[in-house]
Amino acid sequence: MGRPGKRTLPFLLVFVFMYLCGVSLQEARPIGQRKPFFERLRRLEEQFQRFQEVTLTHLQGIANNYNVSYNVDARFQRLTEESQAVALAVNRSEAATRVDLTRLKIWMRKTKRQARKVDARLQDLDLALSRQQVWKREEQKAQQDATSCLALDVSTLQNALAQLAHQVHSQSARLAALEGQLQMANPGIAAQRVILAPNQPVQPGVSSPKLHQEKQALRPPPEHRNLPQDFATIFQGTQKPPSLSIHWASSAAPRDPPQLVWLPQGPGKICNAGPVFVFPNASTGNVVFLSPGFLKGLRALSFCSWIRLASGHLGTLLSYATEENDNKLVLHGRDSLVPGSMHFVIGDPAFRELPLQPLLDSQWHHICVSWTSIQGRYWLYVDRRLVASGSHFREDYEIPPGGSLVLGQEQDSVGGGFDSAEAFVGSMSGLAIWDRVLVPREVANLVTGKKLPTGAILTLANATLVGGFVQRINCLCLEHCP
């Protein structure tokens, strides 16, 4: 729409031009001629004045309308600017709202993942509780089995004691008969040598002092005379029951009388224990890697092996390291420790110091270490004897999976960082690891060469890398190994 002032301005200029022309014509005419027209001119002047007033009034209205139109345009422009500012603010608000919505969505996704993790942890806790209950029931059952086996062993030993007492009485009766026959015999043949053996008839001619020596020889040694008390000590688990036998033997000199010797039988041979790994010296290159390591977290374990030491300290039997901790599980004895001691480490720096003095005689011994996170209980068996136990060691702890498991070296980093002062020097065989606690009956079966307990998760068959000068030897019996 155009402005009104632009249309009326030419019209005003035309009237002004006509007025000026009329004034000039009046001045140019003679005075005589102006008179007839005076009245008419006056009237024209009056009309022009009125027209001028009307024109001025109209112009003032036009000017007012122009000012109003200008104010409307300014206001319209301000409104346009304000609408643009509002639109910009709306756009910014929409962008901020989108950012907030995106953050809210991310937070909701994180919350859902955390909720899933919490649910998974709760399920793991429920599973762990159920496993602990199962383990507890299994331990109770194993204890009941051990108690029943112990009662059976007690009855068996009581029967053995009864038979032994019967044999002693029968031997006493035979000695009494022998003494009577010797008293009736001719003393001239006393120089004849008599060799006594079970179920062999007595020959006459043995003098009374020699008979006294034989009677003294038939008596058991002082350490075996109080058999019931010794066997009671055996049942308490403080020592192994001696396997006793009576041997009839003659002395080295031909003229000495025969002697009845009471000898305890030594332990049986250690056979069918599997391959032997020999660590000849304290070198950082002598190492055996077991693979795979622990495929799942362990809340209980048992480590058992035959070992023979060739140095004055134990060294490192086993080392398990992860990225989080290089001493997640360690069985080692440094030369700086007390001789015959071992550190049992679970999650450094927590450890227990265990005694291993019997292992320092350079003979084959069987060692078995068990631990459970339930009340943090642990046990150490040497040659089936319980030599150490305790509780509150890494209670409710779990050994994580995915680490590096080695034999013979202590890791200061995953798969490396070995120290020769912590190296194992000696031989090991029959090594096995379980993810549960072995009961005493199963430990005794291992020592006596019976079937390996079920559920072993790692053995020496898992040795994937043998480094340095470690030798693998196959021996039928460990006593025959070099």
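Quick caveat: nothing in here was measured; it's all calculated off a predicted structure. (Residues numbered from 1 in each chain as written. Predicted model: local features only at pLDDT ≥ 70, side-chain atom pairs only at ≥ 80, totals over all residues. Heavy atoms only, no water.)

J.: Teacher, can you tell me more about the state of the cysteines here?
T.: By definition, a disulfide links the sulfur atoms of two cysteine residues through a covalent bond. For the structure shown, the criterion picks out three disulfides. Across a sulfur-sulfur distance of 1.8 Å, cysteine 271 and cysteine 477 are joined as a disulfide pair. Between cysteine 271 and cysteine 477 the sulfur-sulfur dihedral comes to about 90°; the bridge is accordingly right-handed. With cysteine 271 in the loop between strand 2 (259-265) and strand 3 (276-279) and cysteine 477 in the segment after strand 17 (471-473), this residue pair connects regions lying 206 residues apart in the sequence. The side chain of cysteine 304 participates in a disulfide bridge whose partner is cysteine 368; the two sulfur atoms lie 1.9 Å from each other. (Disulfide = S-S within 2.5 Å. Helix = DSSP H or I, 4+ residues; strand = E, 2+ residues; numbered from the N terminus.)

J.: I'm lost on the nonpolar core in this one. Help?
T.: In a soluble, globular protein the nonpolar side chains are often hidden away together inside. Phe294, Leu317, Phe344, Trp371, Ile399 and Met428 are the most contacted members of the largest nonpolar core, which has 41 residues in total. It is strand 5 (residues 300-309) that provides the largest number of residues to this core, a total of four residues. When near neighbours in sequence (up to four residues on either side) are disregarded, leucine 317 contacts Phe303, Ile307, Leu331, Ile367, Val406, Leu407, Gly408, Phe424 and Met428. By size, the runner-up hydrophobic cluster in this structure holds eleven residues, among which are Cys304, Tyr381, Trp434 and Leu438. (Core = buried A, V, L, I, M, F, W, Y, C linked by side-chain atoms within 4.5 Å. Buried < 20%, exposed > 50% of the residue type's maximum accessible area, 1.4 Å probe, protein only. Contact = heavy atoms within 4.5 Å.)

J.: Looking at this structure, how should I read the packing of aromatic side chains?
T.: Ring pairs (aromatic) are described by centroid distance and by the angle formed between their planes. Throughout the structure, instances matching the rule amount to four aromatic pairs. Between tyrosine 378 and phenylalanine 393, the ring centres sit 5.8 Å apart and the planes meet at 80°, which makes this aromatic pair edge-to-face. With a gap of 15 residues between them, tyrosine 378 in strand 11 (residues 377-382) and phenylalanine 393 in the loop between strand 12 (385-390) and strand 13 (404-407) connect regions that are remote in the sequence. Across the pair, exposure class does not vary: tyrosine 378 and phenylalanine 393 are buried alike. In this structure an aromatic cluster arises from ring pairing among Phe344, Tyr378 and Phe393. Lying over the aromatic face of tyrosine 397, arginine 394 brings its terminal NZ or CZ to 4.5 Å of the ring centre. (Phe/Tyr/Trp six-rings, centres within 6.5 Å; stacked < 30°, edge-to-face > 60°. Lys NZ or Arg CZ within 6 Å of the ring centre and 35° of its normal.)

J.: Explain the side chain of serine 429 here, please?
T.: Secondary-structure assignment places serine 429 in strand 14 (residues 426-434). For serine 429, a relative accessible area of 0% puts it in the buried group. In terms of polar contacts, serine 429 uses its side chain to reach the backbone carbonyl oxygen of alanine 273, at 3.4 Å. From its side chain, serine 429 meets the backbone oxygen of proline 275 in a polar contact 3.0 Å long. Apart from the residues lying within four places of it in its own chain, the contact partners of serine 429 are Ala273, Gly274, Pro275, Val276, Ser305, Trp306, Trp364, Leu460 and Leu478. (Polar contact = N/O pair within 3.5 Å; in protein donor to acceptor, adjacent residues only side chain to side chain.)

Spatial relationships are all this shows, so hold off on functional conclusions.
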